[in-house]
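So the chains spell out like this:
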Amino acid sequence: MKTGEKRDLALPWFRDVRRIVLTDTLYYDIVIVGSGIAGLRAALEVKRAFGDKLSLALISKIQLMRSHSVSAEGGTAAVLYPEEGDSFALHAWDTIKGADFLADQDAVWQMVKLLPEEIRQLERWGMPWSRRPDGRIAQRPFGGHSFPRACFAADKTGFYEMQTLYSRLVGYDNWDRYDEVYVTSIIVEDNEFKGVTAVDMKTGEFLVFRARAGIIATGGAGRIYKFTTYAHTVTGDGQAMALRAGIPLKDMEFIQFHPTGLVPTGILVTEGARGEGGYLINKNGERFMKKYAPQKMELAPRDVVSRAEMTEILEGRGLKDPVSGLEYVLLDLRHLGEEKINERLPAVREIAIKHAGIDPVTEPIPVRPVAHYSMGGIHTDIYYRVLNLEGKWVKGLWAAGEVSCASVHGANRLGSNSTAECLTSGRIAGRQAAQYVMKLKEQRAPEPKPSEESVKREEKRIFDMLLKHESGSATVYEIRAKLRETMDRNVYVFRDESGLKKALQTILELREAMKKVYPSDKSRIYNTDFITVLETQNMLDVAYAVTYGALLRTESRGAHFRTDYPKRDDENWLKHTLAYMTADGKLETTYIPVTITTWKPIERKY
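Parameters and conventions
Residues numbered from 1 in each chain as written. Predicted model: local features only at pLDDT ≥ 70, side-chain atom pairs only at ≥ 80, totals over all residues. Heavy atoms only, no water. Phe/Tyr/Trp six-rings, centres within 6.5 Å; stacked < 30°, edge-to-face > 60°. Helix = DSSP H or I, 4+ residues; strand = E, 2+ residues; numbered from the N terminus. Buried < 20%, exposed > 50% of the residue type's maximum accessible area, 1.4 Å probe, protein only. Pairing = 2+ DSSP bridges. Contact = heavy atoms within 4.5 Å. pLDDT = per-residue confidence, 0-100. Polar contact = N/O pair within 3.5 Å; in protein donor to acceptor, adjacent residues only side chain to side chain. Salt bridge = Lys/Arg side-chain N within 4 Å of Asp/Glu carboxyl O.

The subject of this paragraph is the packing of aromatic side chains. By the definition in use, this model includes 19 aromatic pairs. With 5.1 Å between their ring centres and 75 degrees between their planes, Phe257 and Tyr492 make a pair best called edge-to-face. Linking Phe257 in strand E11 (residues 255-262) with Tyr492 in the loop between helix H12 (476-490) and strand E20 (494-495), this pair joins segments that are 235 residues apart in sequence. On the basis of relative accessibility, which here comes to 4%, the residue Phe257 falls in the buried class.

Take a look at the structure:
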């Protein structure tokens, strides 16, 4: 067994896939897939718990520190100053109300109680939080929160959180990082995690990671949309692998559209811009949010603000970008002044100048709703243990961060609660996985060993495509483009039966077309064409789950708004969707109840 040593595969004959497929098997106590905030926090918790007693592999499809968490801008929510009027109950209530009462309330309570510890722990590890004049951690308002509780580091919060976590992690031994290693499957046998398979993109080698425990922390799936804040690497890999492993996805129809995506690129303009006092105005210069959320105005929850923006646009009060054709409203920061913008929103100014040619000190920024977050994900309990369709723990497997769904966000996530959950879920999953593995080691339990059949089946699935040639009429890039256009058009802020049926039909046709699409590049080393095909297969499966769940849910709740069913329907739809894949590759759904411990649903007003 190996723990990271790699054989040299730079041999002339290796480039011809038909001659040989080399497989390297590696053993670790714990494997973490994904290196964003959740993955790093989980890795750090494993090491804090038992140090070098446990071996750990941290796997990333890109360079470790380029995970999309670095793009998180605005802040991380936590109750730091109860003496000033904030409280756990207030944070929990804001989160549950913001979630349109689909959040599991026991999971929400757990998160809000852990968050102050996480913020202060990051501070001790060197996190450069922005400060109040008295030196204490500063907080700013965020949408849907009734107290300014978003802790921030200017507008680069995610970047600094990742740097802080990684800087602490490198102080520990007995862990290996695997950059540019693309995980292709989660091996689950007899309802027990046995490991993952992967392709080393640098060499083309097929890797099998055997492990006693696994933590999936692969992030969201936002690149199924064209207009999105996500990096191009965020393709729903963890969600799709879970489906193929027989694990259900929960509440995938709930996709958050952030109100301020920069036109025409989709780059995020942080909610912190409105938290610092920015206005949303239409082409007539009107602060239109007074019509939709008179109390909260621009700081209403994101689903409310996004629908307001689209209403303004659809009723003719937006503007139109002459190049992309996208219609938009304006985010006005001019009244904040150059000094405040440079201190609190330096990245916003840099992004606007660089990518839109607009200086927000002197001009308003063009924005429109943009795909930003998946409230749904891999079905877990409140301790982030992955659950099967019967609600039983898949032994040895956890999920953390955006890929997971313990359902703290329900139908709509509040801003600054995403990095918050990444920290708490990483901590919980990391600690539990470490304790689980230590117990097995103390009991001298046998090492996990995936069946040869599982490994060979996955090897054949992915590498056979390098032996075949395209016989379909579309390329992978055309399929990917059509998927994104379909999602933007029919599975956006406003949805209806007709559009969702069209989207679903297109997705099913594209899934069928993908069966005849193979990489045009047949080499093994740094074959990005090969990875694009694998990613696109995943994207289609995730888009299928999103669209199918949205079509079946005949109500409007949170980020899922049906113009043909504009009311929330608690009698029939106060429940979680579970989507699972059948043996023939089709999706089916079932439903489970929402956990309500404290507050019963009421009408949301802002």
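So that's the structure; there's more coming.
Attention shifts here to the sheet that holds strand E10 (residues 249-250). Ordered by their spatial adjacency, 5 strands build an open sheet running E19-E16-E10-E22-E23, and the pairing between neighbours is mixed. Every other strand in the sheet has two partners, leaving strand E19 (404-405) and strand E23 (587-593) as the edge strands with one partner each.

Turning our attention to helix H2 (residues 88-98). For H2, the complete set of buried residues consists of His91, Ala92, Asp94, Thr95, Ile96, Lys97 and Gly98. The secondary structure elements touched by the buried residues of H2 are strand E3 (76-77) and helix H3 (105-125). Once H2 finishes, Asp100 follows within two positions and takes phi at roughly 55 degrees, a positive value.

Moving on to the confidence of the model for the protein. Mean pLDDT for the protein: 93, with 96% of residues reaching 70 or above. Here residues 1-20 is a poorly scored stretch, pLDDT under 50, and it has 48 contacts once near neighbours within four places are set aside; other chains count.

With that out of the way, let us pick up the pairing of strand E14 (residues 327-332). Counting buried residues along E14, 5 of its 6 residues qualify, which places the element largely inside the surrounding structure. Where strand E12 (residues 279-281) meets E14, 3 bridges bridge the pair, whose relative direction is antiparallel. What sits directly across from Ile281, in E14, is Leu330. In the sheet, strand E13 (residues 319-320) pairs with E14 via 2 bridges, with the strands oriented antiparallel. Within the sheet, the bridge partner assigned to Leu319 lies in E14 and is Tyr328. Two elements, E14 and strand E15 (residues 365-374), share 3 bridges in a ladder whose sense is antiparallel. Bridge assignment links Leu331 to a residue of E15, and that residue is Ile365.

Among the secondary structure elements, Glu535 is positioned in helix H14 (residues 528-552). Take Glu535: its relative accessible area is 8%, and that puts it in the buried class. A polar side-chain atom of Glu535 sits 3.1 Å from a polar atom in the side chain of Arg480. Excluding residues within four positions of it along the chain, Glu535 makes contact with Lys61, Tyr182, Thr233, Thr235, Asp237 and Arg480.

A few words on the pattern of salt bridges. What the rule picks out here adds up to 54 salt bridges. In this structure, Asp179 engages Arg177 in a salt bridge whose closest nitrogen and oxygen atoms are separated by 2.6 Å. With a closest N to O distance of 3.2 Å, Glu338 and Arg349 form a salt bridge. Pair noted here: Glu338 is in helix H8 (residues 338-344) and Arg349 is in helix H9 (residues 346-356), with a separation of 11 residues, a long-range link.

The omega torsion across Val263 and Pro264 is 10 degrees, close enough to zero to call that bond cis. A positive phi is found at Ser407, a non-glycine position, where the angle reads about 70 degrees. Its place among the elements puts Ser407 in the loop between E19 and helix H10 (418-442). By relative accessible area, Ser407 is classed as buried at 3%. We note that Tyr526 has phi near 50 degrees; this positive angle belongs to a residue other than glycine. For Tyr526, the location among the structural elements is in the loop between helix H13 (497-514) and H14. The class for Tyr526 is partly exposed, based on a relative accessible area of 41%.

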